[in-house]
Amino acid sequence: MTAPTDATATSAWAELEHLKDDLTPDLRGWFAADPDRARRFTLDAADLHVDLSKNLVTDDVLAALIRLAEQTGVVERFAQMLAGVHINTSEDRAVLHTALRRPSGSRPPLEVDGQDVDGDVHEVLDRMRAFADRVRSGRFTGVTGKRVTHVVNIGIGGSDLGPVMVYEALRPYADAGIQARFISNIDPTDLAQTTADLDPETTLFIVASKTFTTLETLTNARLARAWLWDGLQASGAIDGSDAAKKDAVAHHFVAVSTALDKVADFGIDTENAFGFWDWVGGRYSVDSAIGLSLELTLGPDAFEELLAGFHAIDVHTASTPLARNVPMLMGLLNVWYNNFLGAQSHAVLPYAQRCTGSRPTCSKLTMESNGKSVRWDGSPVTTDTGEVFWGEPGTNGQHAFYQLIHQGTRLIPADFIGFASPAYPLQDGDRDVHGLFLANFLAQTKALAFGKTAEEVEAEGTTGALVAARTFSGNRPTTSIFAPALTPRVLGELIALYEHITFTQGAVWGIDSFDQWGVELGKRLALQIAPALEGDADAVAAQDASTRGLLEYYAAHRR
Ligand code: F6P
């Protein structure tokens with residue numbers, strides 16, 4: 001294992017420290033002095049048109065950030081990832097989500113640790129397509145011969161969030177009369193409400209779990225199986241025999257997992273199981289078989305377009321010099337804001353109502369990847385890592401939290417994402433509503449960048465204490481991303497963009513962005529505490545005083 005370079009010990013870091021000390025952010029002045037700034041700071045990556053000009057950077061800062069990437073080996077590490085080097089050191093694994101979207105017949109073929117990666121990926125993709133064709137055409141039916149109308153994905157974390165986000169965003173592409181639903185939380189409310197109006201005869205469950213051991217998913221899968229059996233028996237569709245129940249599971253359950261032996265133990269026919277590999281991290285898995293719900297509802301062609309979008313950004317990232325490399329520059333800007341300008345969070349603000357799922361997915365991708373205090377060789381990090389990523393689609397967000405971004409005391413860099421063409425081109429009288437929507441996007445980025453001076457406020461007739469309240473400082477950084485439309489391809493490009501932004505930050509900080517040990521302790525403790533909630537006195541006695549107190553409250557108030 002090569003030791004990570006300490007970013008803070010590089011000459012580029014020292015240079016950035018000086019530049020920060022000398023920096024007086026002045027977007028108004030910078031734009032006035034350089035009429036070419038917008039053009040010079042706008043880049044294209046596949047279908048994404050990215051304007052970086054409203055960021056708090058000068059040419060000198062950008063040049064120093066690029067040197068920081070060079071001195072910390074970001075490009076080399078990206079190449080190692082693509083080649084299957086075990087850059088996930090704490091789990092001794094390759095990190096190959098980029099292989100999930102390599103087109104068939106890519107040259108040279110990718111073989112890693114003796115595995116024909118391309119062959120295996122496309123074997124599963126072909127099986128997914130064949131299965132999707134059977135379900136969508138009605139050749140695969142429920143146990144009573146009825147067509148599938150609802151696909152329910154049972155999974156959590158990466159086995160849920162990516163599919164939820166993509167399904168919501170691409171719903172207009174669902175063309176086979178099949179809807180998707182998602183159950184993730186072990187809160188029984190989730191399963192009860194999601195299945196309440198479903199017909200067991202037309203429902204197909206996908207149990208999506210990389211490990212097939214996750215408490216939430218396995219519990220929900222058992223509950224769903226019981227719901228299916230009860231419903232089918234109640235309507236007289238099956239009798240209560242073991243054979244009938246087994247047949248029902250074969251018609252109504254499929255699985256996605258790396259642990260096919262455990263799938264079989266659950267009673268799911270492994271013919272109806274779709275595998276992936278330990279080199280696909282949960283938060284990087286929507287483009288693996290974990291996307292089966294998408295393939296079934298949106299169709300194989302849309303899924304392939306999604307993969308093509310991912311791949312286009314992979315190619316851009318791997319082959320574009322740093323000065324024009326959009327994901328790497330955006331990752332470097334995040335380092336600048338985090339480590340030099342004191343930002344602690346980053347807003348991602350899609351102007352698309354269909355992107356409601358982007359916040360949890362983006363939070364998981366970035367925060368599970370880069371929320372680390374040690375580097376990939378186990379040594380402590382040398383600077384702050386992992387900012388909080390958050391956001392909501394505009395314009396709703398404008399009426400919720402933008403106040404803080406405009407006039408709060410903290411620096412919150414924000415990415416605005418918009419689409420030139422809408423899914424639903426509605427008119428309000430003679431007004432194009434989508435145009436009005438995008439006017440808000442442009443107005444917000446303009447207000448954040450250029451603000452409103454006290455003189456401008458006074459010129460409008462405001463006086464006294466109100467002047468300060470109505471003044472906007474400006475110099476609040478944004479990146480504007482436009483794309484032609486929210487298509488499967490563009491969505492794939494956007495997800496890959498954020499994957500590689502995350503990669504870049506992790507590489508500069510010297511951390512393993514592909515493990516998630518931080519979620520393990522809580523999982524283990526939950527299993528130890530569960531008996532205490534059932535009244536096991538020894539388990540109660542084993543807890544700390546605070547936990548015991550909360551258990552007593554629970555015991556006293558439980559109905
Ligand atoms: O949240 C931690 C995690 O391990 C994620 O990385 C993963 O997506 C999720 O749990 C679910 O795990 P599995 O797919 O194995 O059920």
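Here the structure is a predicted model, which means the values were calculated and not measured. (Residues numbered from 1 in each chain as written. Predicted model: local features only at pLDDT ≥ 70, side-chain atom pairs only at ≥ 80, totals over all residues.)

Novice: When you look at the overall build of the protein chain in this model, what are you seeing that I'm missing?
Specialist: When its secondary structure is counted, the protein chain shows 23 helices and 15 strands. Against the globule reference of 24 Å for 559 residues, the protein chain gives a C-alpha radius of gyration of 26 Å, in line with a compact fold. Across the 559 residues in the protein chain, those meeting the buried criterion constitute 44%. Long-range contacts, defined here as pairs at least 24 residues apart, represent 75% of the contacts in the protein chain between residues at least 6 apart. (Helix = DSSP H or I, 4+ residues; strand = E, 2+ residues; numbered from the N terminus. Rg over C-alpha atoms; globule rule 2.2 N^0.38 Å. Buried ≥ 20, exposed ≤ 12 C-beta atoms within 10 Å, placed from the backbone. Contact = placed C-beta atoms within 7 Å.)

Novice: Explanation requested: the site of the ligand in the structure shown.
Specialist: Neighbouring residues of the ligand: 13 residues in total, closest Gly 157, Gly 158, Ser 209, Thr 214 and Gly 282. Tallied by class, the residues present in the shell around the ligand amount to two nonpolar, nine polar and two charged. (Near = placed C-beta within 6 Å. Nonpolar A, V, L, I, M, F, W, Y, C, P; charged D, E, K, R; others polar.)

Novice: Can you help me understand the sheet that holds strand β9 (residues 273–275) in this one?
Specialist: Hydrogen bonds between backbone atoms are what pair the strands of a sheet, whose relative direction is either parallel or antiparallel. Pairing within the open sheet is parallel, and its five strands lie in the order β6-β5-β7-β8-β9. The strands lining the two open edges of the sheet, one partner per strand, are β6 (179–183) and β9. Along the sheet, successive strands turn relative to each other by an average axial angle of 20°, direction set aside. Pairing of strand β5 (residues 150–154) with strand β7 (residues 203–208), which is carried by five bridges, proceeds in the parallel orientation. Considered in β7, the bridge of Ile 154 is made with Val 207. (Pairing = 2+ DSSP bridges. Axes fitted to C-alpha atoms, helices over the stretch in contact; angles between N-to-C directions.)

Novice: Before we go on, may I ask you to explain the environment of Glu 458 in this structure?
Specialist: Locating Glu 458 in the fold gives a position in helix α18 (residues 454–459). Separated by 422 residues in the primary sequence, Glu 458 and Asp 36 have C-alpha atoms spaced 31 Å apart. In contact with Glu 458, not counting residues within four places along its chain, are Thr 463 and Val 467.

Novice: How should the UniProt feature "active site" (unreviewed entry) in the protein chain be read in this particular structure?
Specialist: Within this numbering scheme, the UniProt entry marks Glu 368, His 399 and Lys 523 as carrying the feature "active site" (unreviewed entry). With the annotated positions falling across 156 residues, the maximum pairwise C-alpha distance of 36.5 Å shows that they are not confined to a single cluster. Mapped onto the elements of the fold, Glu 368 is located in helix α15 (residues 358–370). If sequence neighbours within four positions are ignored, Glu 368 has contacts with Arg 283 and Gln 516. Mapped onto the elements, Lys 523 comes out in helix α21 (residues 520–533). (UniProt positions renumbered as here; feature names shortened; annotations may be inferred.)

Novice: What exactly am I supposed to notice about the packing of helix α9 (residues 215–234) against helix α10 (residues 242–252) here?
Specialist: Angle between the axes and distance between the axes: these two values describe a pair of packed helices. At a minimum axis separation of 10 Å, α9 and α10 run at an interaxial angle of 115°. For the pair α9 and α10, the sense of crossing is right-handed. Of the residues in α10, those touching α9 at Arg 225, Leu 228, Trp 229 and Leu 232 are Lys 245, Ala 248, Val 249 and His 252. (Left-handed = near helix turned anticlockwise from the far one by under 90°.)

Novice: Mind showing me how you'd approach the sheet that holds strand β11 (residues 388–390) here?
Specialist: Sheet architecture is open: six strands sit in the order β1-β2-β15-β12-β10-β11, paired in mixed fashion. Edge strands, defined here as strands with exactly one partner in the open sheet, are β1 (42–45) and β11. For this sheet, the mean inter-axis angle between neighbouring strands, taken without regard to orientation, is 20°. Pairing analysis gives three bridges linking strand β10 (residues 345–350) to β11, with the strands arranged parallel. Looking at β11, one finds that Ala 347 is bridged to Trp 390. Each of β12 (414–421) and β15 (478–485) is contacted by helix α17 (residues 433–450), which is oriented at about 150° to β12, the strand it contacts most.

Novice: In this structure, what is going on with α10? I would like to understand it.
Specialist: The α-helix advances 3.6 residues per turn, and as a result positions three or four apart in sequence lie on the same side. If you check which residues of α10 are buried, you get Ala 248, His 251 and His 252. One face of α10 carries all of its buried residues, which in axial projection span an arc of 80°. Set apart from the buried face of α10 by more than 90 degrees, the exposed residues are Asp 242, Ala 243 and Lys 246. Of the surrounding elements, those touching the buried residues of α10 are β7, α9 and β8 (253–257). (Arc of directions from axis to C-beta.)

Novice: What's the story with the pairing of β5 in this structure? I'm lost.
Specialist: Regular strands have side chains that alternate between both faces of the sheet. Within β5, four of the five residues are buried, which leaves the element mostly enclosed by the surrounding structure. Both β5 and β6 contribute to a ladder of five bridges, which runs parallel. Pairing of Ile 154 across the sheet is with Ile 183, part of β6. In this view, the connection linking β5 to its parallel neighbour β6 by way of helix α7 (residues 161–170) has right-handed handedness. (Right-handed = clockwise from strand over helix to strand, strands pointing away.)

Novice: How should I be thinking about the environment of Val 280 in this particular structure?
Specialist: When you line up the elements, Val 280 lands in the loop between β9 and α12 (292–298). Put simply, Val 280 and His 97 are 183 residues apart on the chain and 5.4 Å apart in space, counted from C-alpha to C-alpha. For Val 280, the contacting residues outside a window of four places in its chain are Leu 96, His 97, Leu 100, Ser 285 and Ser 288.

Novice: Teacher, can you tell me more about unusual backbone geometry here?
Specialist: The bulk of non-glycine residues show a negative phi, and the bulk of peptide bonds are trans. A cis amide bond, omega -10°, links Arg 107 with the succeeding residue Pro 108. Note that Pro 108 resides in the loop between α5 (74–83) and β3 (111–112). Backbone torsion omega between Gly 394 and Thr 395 reads 5°, so that peptide bond is classified as cis. Tracing the sequence through the fold places Thr 395 in the loop between β11 and α16 (402–407). The phi dihedral of Ala 46 is positive, around 50°, even though this residue is not glycine. Looking at the element boundaries, Ala 46 is found in the loop between β1 and β2 (48–51). Unlike most non-glycine residues, Asp 113 shows phi in positive territory, near 50°. Note that Asp 113 resides in the loop between β3 and β4 (115–116). For Asp 113, a count of 11 C-beta atoms within 10 Å corresponds to the exposed category.

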